[in-house]
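# Summary of structural features
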Number of protein chains: 2
Amino acid sequence: MLNVVIMAGGSGERFWPKSREKSPKQLLSIGSKDTMLQETVKRAQALTSLENIFIVTRIGLEEEIHKQVSHIPKENIINEPFARNTAAAIGLANIVIHKRDKDSITVVLPADHIIKDIGQFKKTITTACIAAEERHLVTIGIKPSYPETGYGYIHRGDKIGSDTPGIFKVVEFREKPDLKTAEEYFKEGEYYWNSGMFVWTTKCIEEAFKKHMPELYKALKVIGNSLSSSLSDEIIKGEYEKLEKISIDYGVMEKAENVSVVEGLFDWNDVGSWLALEKVYEKDDDGNIVVGDYIGIDTSNCILIGDKSPITTIGVSDLIIVNTGDVVLVCKKTEAQKVKKLLENIKQNKKLSLTLS
Amino acid sequence: MLNVVIMAGGSGERFWPKSREKSPKQLLSIGSKDTMLQETVKRAQALTSLENIFIVTRIGLEEEIHKQVSHIPKENIINEPFARNTAAAIGLANIVIHKRDKDSITVVLPADHIIKDIGQFKKTITTACIAAEERHLVTIGIKPSYPETGYGYIHRGDKIGSDTPGIFKVVEFREKPDLKTAEEYFKEGEYYWNSGMFVWTTKCIEEAFKKHMPELYKALKVIGNSLSSSLSDEIIKGEYEKLEKISIDYGVMEKAENVSVVEGLFDWNDVGSWLALEKVYEKDDDGNIVVGDYIGIDTSNCILIGDKSPITTIGVSDLIIVNTGDVVLVCKKTEAQKVKKLLENIKQNKKLSLTLS
């Protein structure tokens with residue numbers, strides 16, 4: 001059976017001030033009427049039936065998630081008691097699924113990607129499932145459209161399997177490169193962006209945890225044995241508390257032998273910062289992206305997000321302006337990566353952190 | 001008897017979005033805990049007693065004004081049915097005062113000036129009263145501290161009166177100059193900024209209206225005769241409707257012979273635009289003026305007014321940012337004069353004009 005795990009516990013800090021602790025990016029509408037989570041569920045529904053779609057999230061978001069996707073069975077919303085990065089989240093979902101379905105192929109999808117071409121998305125996942133059935137841990141790679149320095153890269157090797165096109169051995173995972181290296185990767189054509197989407201069998205990833213992350217494996221075993229018990233929540237909490245924060249890429253994918261990459265044949269935007277909106281929305285004649293109420297004079301190349309409270313401007317350019325009514329952010333476009341740092345500063349401000357973080 | 005007329009009917013459009021139709025600049029706190037009107041009343045109280053202080057304003061503001069300065073007798077708040085510029089406003093106040101006190105010296109003060117040195121202010125007005133008793137129409141001139149192009153200038157002539165220092169004949173009123181001319185005025189030292197403060201006797205200004213603005217004079221006579229009648233409001237409305245919008249400078253001061261200027265010996269700021277705040281508030285180490293809640297990274301030389309809703313910034317400089325919660329303005333400092341134009345655009349927007357103008 002095909003199961004889908006949607007990773008919806010992120011905090012989307014670089015999307016502050018729209019993204020907040022209690023309403024992170026994936027629960028907002030960006031580039032669509034529906035929220036990013038709702039859009040992700042729609043993609044998952046193209047792959048499997050509702051009862052086979054799981055959502056991993058952090059405690060505190062489950063109610064809003066249930067409200068947004070009430071057609072997903074409530075017991076399929078898996079709550080992590082603490083944020084422990086993607087390896088733990090995937091591991092937790094895996095044991096829940098394994099309990100139900102020992103022969104599952106599992107597709108892991110982040111809840112905060114924009115993918116419009118569902119047909120090509122389905123085609124890619126179908127190819128990945130073929131590799132997964134051959135006991136591969138499959139990662140979905142995105143063909144770079146420019147030399148981005150903000151993503152990890154996957155260096156692909158030889159083609160695997162003669163019958164199915166588009167499956168490749170992974171030579172190496174590469175950290176976020178500097179611009180020069182990114183330009184080389186882009187030119188060479190054998191590098192993919194690491195999208196954070198994965199496909200494997202429940203058994204294969206469990207074996208990989210056993211081999212490469214034995215501590216996590218042990219914790220998951222304890223949790224797995226407790227799942228039907230009334231103490232389950234307490235046991236998960238106790239085990240989680242001890243876990244290291246490690247990503248699935250670092251903890252498993254970079255170490256495992258049986259890793260392959262399938263090229264994603266669809267459009268892809270991980271909405272990593274406010275700048276990502278330039279690929280989501282159409283610009284007006286002055287190069288501005290406008291969402292919500294806006295009136296301006298002599299304003300160009302700005303990203304203007306005033307959907308909760310209007311924005312007005314005179315004589316400015318190359319700015320990101322986000323007005324959420326309770327706070328405004330005015331950020332030079334080239335400094336968009338510093339929003340996370342700004343949020344840290346806000347969290348240290350007693351008066352403002354309560355309402356704004 | 002000394003009476004003071006405070007002109008409080010302005011709309012303060014260049015101070016949008018803090019200044020609004022229903023709560024214009026003079027009714028806001030700028031550079032002080034108290035509102036500009038309250039500060040102006042305090043200055044007036046240094047000159048005369050409460051029952052001799054009058055406030056001219058436009059219909060719609062009288063309640064808020066009464067709330068702010070409830071110690072001023074309610075009947076001393078004079079409502080104009082329409083805005084007809086300063087000549088009409090001064091004329092209307094003048095007939096109300098003349099009805100009570102035929103021998104009044106009247107001091108006219110705009111409600112939106114910041115003057116901190118009340119001692120020197122009182123001294124200046126006392127000097128002006130001496131000239132007013134000699135049947136002069138006296139304007140208060142401010143010694144320029146730099147070549148401002150946004151004010152009208154007064155070219156002073158010979159000294160008048162041997163006993164009292166600081167009273168000069170007016171050679172000519174000058175329109176707002178270009179920068180080169182302003183620099184000449186500044187260098188020559190015989191030019192004052194036209195502050196919009198005046199001192200005269202009720203009789204003298206009435207005679208001046210009769211001579212230089214006969215239409216207004218006639219309307220004021222009709223209004224004066226109706227003042228105790230129950231039809232007074234209707235009659236004022238009927239007469240006002242016909243009046244031209246003319247300033248007292250253009251309508252009277254530039255034409256009259258008996259005009260003199262007294263140098264204001266006090267600090268003075270007419271808070272003409274957001275930039276004026278640079279002279280009101282202290283800058284922080286990065287050259288920013290901050291009012292209200294603010295958190296920023298790499299931000300310099302900005303005016304940040306977030307007293308109703310916080311402002312956050314990254315990597316910006318030389319901007320005016322005003323966040324009133326219901327709207328934000330982001331304006332390049334050098335374009336501060338265009339706020340008025342922006343407000344015109346807003347007034348033409350059906351959806352936004354209702355709440356934001």
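Residues numbered from 1 in each chain as written. Chains lettered and ligands numbered in written order. Predicted model: local features only at pLDDT ≥ 70, side-chain atom pairs only at ≥ 80, totals over all residues.

### Focus on the interface of chain A and chain B
Rule in force here: Note that contacts rest on C-beta atoms placed from the backbone: two residues are in contact if these are within 7 Å. Strands are runs of DSSP state E lasting at least two residues, helices are runs of H or I lasting at least four, and both sets are numbered from the N terminus onward. Each residue receives one of three labels: charged for Asp, Glu, Lys and Arg, nonpolar for Ala, Val, Leu, Ile, Met, Phe, Trp, Tyr, Cys and Pro, and polar for the others, Gly being one of them. DSSP calls a pair of strands paired once it identifies at least 2 bridges connecting them.
Between chain A and chain B, the contact holds 32 residues from the first and 32 residues from the second. For the side of chain A that touches chain B, the secondary structure elements donating two or more residues are strand E10 (289–297), strand E11 (303–314), strand E12 (319–323), strand E13 (328–332), helix H10 (339–347) and helix H11 (350–356) of chain A. Among the elements that line the side of chain A that touches chain B, the one with the most residues is E11(A), at six residues. Of the residues contributing to the side of chain A that touches chain B, the split by class is 18 nonpolar, eight polar and six charged. In terms of strand pairing, E13(A) meets strand E11 (residues 303–314) of chain B through four bridges, oriented parallel. When the bridges of E11(B) are listed, Val330(A) appears paired with Thr313(B).

### Observations regarding the relation of the copies chain A and chain B
In plain terms, the rule: Alignment of copies: least-squares fit on C-alpha atoms of residues with pLDDT of at least 70 in both copies.
Rotating chain A by 179° and moving it 0.1 Å along the rotation axis overlays it on chain B with an RMSD of 0.1 Å. Such a combination of rotation and displacement between the chain copies is what one expects of a two-fold axis. Every residue of chain A has its C-alpha some distance from the rotation axis, and the shortest such distance is that of Gly325(A), at 2.5 Å. With an isologous cut-off of 70% or more, the 100% of interface residues of chain A that recur at the interface of chain B puts this contact in the isologous class.

### A look at the pairing of strand E2 (residues 53–58) of chain B
All names here are of chain B. To keep it simple, the criterion reads: To assign burial, the other C-beta atoms lying within 10 Å of each residue's own C-beta are counted, with C-beta atoms placed from the backbone; 20 or more indicates buried, 12 or fewer indicates exposed, and intermediate counts indicate partly exposed. With strands facing away from the observer, any crossover in which the path from the first strand over the helix to the second runs clockwise is taken as right-handed.
Most of E2 is tucked away, with five of its six residues classed as buried. The pairing of strand E1 (residues 2–7) with E2 spans four bridges and is parallel. Across the sheet, Ile6 pairs through a bridge with Ile55, a residue of E2. Crossover handedness for the path E1 to helix H1 (residues 36–45) to E2: right-handed. With four bridges joining them, E2 and strand E3 (residues 77–80) adopt parallel strand pairing. The partner of Val56 across the bridge, within E3, is Ile78. What joins E2 to E3 is helix H2 (residues 62–68), and the crossover it makes is right-handed.

### Thoughts on the domain arrangement of chain A
All names here are of chain A. Defined as follows: Source of the domain bounds: an automatic or database domain assignment.
For chain A, the assigned domains are domain 1 (2–264) and domain 2 (274–356). One C-alpha centre belongs to domain 1, the other to domain 2; they are set 30 Å apart. Contacts between the two partners involve nine residues from domain 1, matched on the other side by twelve residues from domain 2. Here the residues of the side of domain 1 that touches domain 2 are counted per class, giving five nonpolar, one polar and three charged.

### Section: the packing of helix H3 (residues 85–100) of chain B against helix H6 (residues 202–212) of chain B
The geometry of a pair of packed helices is captured by two quantities: the angle between their axes and the separation between those axes. Residues and elements named next belong to chain B. Operational definition: To define axes, lines are fitted to C-alpha atoms, for helices over the stretch in contact only, and angles between the resulting N-to-C directions are given on a 0 to 180 degree scale. Any angle that falls under 35 degrees is termed roughly parallel, while one over 145 is termed roughly antiparallel, one within 65 to 115 roughly perpendicular, and all others oblique. Handedness of a helix crossing follows the sense of rotation of the near helix relative to the far helix, less than a right angle counterclockwise being left-handed and clockwise being right-handed.
Between H3 and H6, the least distance of the axes is 10 Å, while the angle of their chain directions is 135°. When the interaxial angle is binned, H3 and H6 end up oblique. Between H3 and H6 the crossing geometry is left-handed. Residue-level contacts link Gly91, Asn94, Ile97 and His98 of H3 to Thr202, Ile205, Glu206 and Phe209 of H6.

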